[in-house]
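# Overview (structure and organization)
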Amino acid sequence: MDEAIKVNNLVMQFGRFRAVDGISFSVNNGEIFGLLGPNGAGKTTTIKMLITLLKPTSGNAHVAGFDIVLNSNEVRKNIGIVFQDPSLDDELTGRENLDFHAILYNIEKSQRIKKISQILKLIELEDKADDLVKNYSGGMKRRLEIGRGLIHEPKVLFLDEPTIGLDAQTRRHIWDYIKKLNSMHKITIILTTHYIEEADYLADRVAFVDHGKIVALDTPRALKDKLGGDIISMQVQTGLDSLEKGLKQQKWIKAASTHNGRIDITVDEGEHQIPRLILLAEKHNATIRSIELHKPSLEDVFLHYTGKNIRDEEGEGWKGRIRAMHAKRNR
Ligand SMILES: Nc1ncnc2c1ncn2[C@@H]1O[C@H](COP(=O)(O)OP(=O)(O)O)[C@@H](O)[C@H]1O
Ligand SMILES: [Mg+2]
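On a predicted model such as this, the values are computed, not experimentally measured, just so you know. (Residues numbered from 1 in each chain as written. Chains lettered and ligands numbered in written order. Predicted model: local features only at pLDDT ≥ 70, side-chain atom pairs only at ≥ 80, totals over all residues.)

With respect to topology, 6 strands assemble into an open sheet ordered E6-E7-E8-E3-E9-E10, the strand pairing being mixed. Of all strands in the sheet, those bounded by a partner on one side alone are strand E6 (79-82) and strand E10 (213-218). Within this sheet the neighbouring strands show an average axis-to-axis angle of 15°, counted without direction. When strand E3 (residues 32-36) meets strand E9 (residues 205-210), the two strands line up parallel, connected through 4 bridges. Pairing of Phe-33 across the sheet is with Arg-205, part of E9. Packed on one face of the sheet, helix H1 (residues 43-50) meets E3, strand E7 (156-160), strand E8 (188-193) and E9 and runs near 150° to E7. (Pairing = 2+ DSSP bridges. Helix = DSSP H or I, 4+ residues; strand = E, 2+ residues; numbered from the N terminus. Axes fitted to C-alpha atoms, helices over the stretch in contact; angles between N-to-C directions. Contact = placed C-beta atoms within 7 Å.)

Okay, structure coming up:
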């Protein structure tokens, strides 16, 4: 089986509101797959159907080879879940939290002890294992939750907004754990996020979710390339006209424009084209003062497909929600 997850036209209707509106995608075994979209896009609802917490209104899906409705018990045995809302017991130690979870999965005692010490090592919480969770930092709690999601050795791990509310440095740290889990332990990971840089950094492939639909799906690299390649800006000291004419004859250059002695050209795989440009400049006796390469960001791509910035509607936390409420009312 090459596919860890296969989703076919999944719909979730809440009364008259369609939160998930016919979503289809597959996730390959061993992949990190990201669902990226603003607050309210339908990401968590999609995940809740896949982890068998919500029954779809229509459509179907398989997780680890099992139908989410017909074989929900098998699905649950094969998945780990780290959810948006923390669900650790603050009055227990980290080790006790893990042990409690392992008992729920009927893992017998000697196995539990072994497993828990492996996981504590993996999430680098060995030193703090016997401290109460209420004394943990935000990043430590998140690591513990991820560790807990791994106790029964799931094939597929679901992470719903894994770094929400964490500072930038802690977030990077969590990203590294996620990468490590995926590469060393071959766990398929599906994550939701509204942080563009998170999807860009972590995901092998990303689906943009907007108003309950997938509006684009590909590798971050391909999504950016499709937007029109890379932009190379050259400051030209002499020979500008001749160079410009020369550039326009090159088939690998998609577009070129000149302002104030600077030529901006659009190409695919810009990093490979810089040597060619230098040769071309020499040929046309042009002197280049500087060359700069910009990659279009995933933010540019998101804007292209949805017509908005991902943070437009929500910003961060409650301030953003209030802004979004005002925006909705004034629409
Ligand atoms: N149980 C529910 N009943 C009614 N509406 C819901 C319910 N759960 C979620 N929604 C609505 O569905 C939409 C999608 O929510 P959600 O999947 O949580 O979005 P995301 O995770 O992308 O932020 C939101 O507008 C939300 O208010
Ligand atoms: Mg959500």
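Moving on, we get to the site of ligand 1. The environment of ligand 1 is formed by Phe-14, Phe-17, Ala-19, Gly-37, Asn-39, Gly-40, Ala-41, Gly-42, Lys-43, Thr-44 and Thr-45. Broken down by secondary-structure element, the contributors of at least two residues to the shell around ligand 1 are strand E2 (17-28) and H1. Broken down by element, the shell around ligand 1 gets its largest block of residues, 3 residues, from H1. Here the residues of the shell around ligand 1 are counted per class, giving 4 nonpolar, 6 polar and 1 charged. (Near = placed C-beta within 6 Å. Nonpolar A, V, L, I, M, F, W, Y, C, P; charged D, E, K, R; others polar.)

Each domain of the protein was delimited in the assignment, giving domain 1 (3-224) and domain 2 (228-294). Placing the centre of domain 1 and that of domain 2 at their C-alpha centroids yields a distance of 44 Å. (Domains from an automatic or database assignment.)

A few words now on unusual backbone geometry. Keep in mind that most residues, glycine aside, have a negative phi and that most peptide bonds are trans. With a phi angle near 70°, Thr-52 is a residue other than glycine that sits in the positive phi range. Within the secondary structure, Thr-52 is located in the loop between H1 and strand E4 (58-63). Residue class for Thr-52 comes out partly exposed when judged on the 19 C-beta atoms lying within 10 Å of it. The residue Lys-186 is not glycine, and still its phi comes out positive at about 55°. (Buried ≥ 20, exposed ≤ 12 C-beta atoms within 10 Å, placed from the backbone.)

Turning our attention to the packing of helix H3 (residues 94-104) against helix H5 (residues 138-148). Between H3 and H5, whose axes approach to 10 Å, the crossing angle comes to 25°. Classified by the interaxial angle, the pair formed by H3 and H5 is roughly parallel. In the packing of H3 onto H5, the handedness of the crossing is right-handed. The segment H3 lies against H5, with Gly-94, Asn-97, Leu-98 and His-101 engaging Leu-144, Gly-147 and Arg-148. Residues of the contact of H3 with H5, tallied by class, amount to 2 nonpolar, 4 polar and 1 charged. (Parallel < 35°, antiparallel > 145°, perpendicular 65-115°, else oblique. Left-handed = near helix turned anticlockwise from the far one by under 90°.)

The subject of this paragraph is helix H6 (residues 168-185). Over its 18 residues, H6 runs 25 Å from end to end, which matches the ideal 26 Å to within 8%, given 1.5 Å per residue. Along H6, the residues that are buried comprise Arg-171, Ile-174, Ile-178 and Leu-181. Each buried residue of H6 sits inside an arc of 80° when the element is viewed along its axis, so together they form one side. For H6, the exposed residues lying more than 90 degrees away from the buried face are Ala-168, Gln-169, Asp-176, Lys-180, Ser-183 and Met-184. Those residues of H6 that are buried are in contact with H5, E8 and helix H7 (196-202). The first or second residue beyond H6 is Lys-186, which carries a positive phi of 55°. (Expected span 1.5 Å × (residues − 1). Arc of directions from axis to C-beta.)

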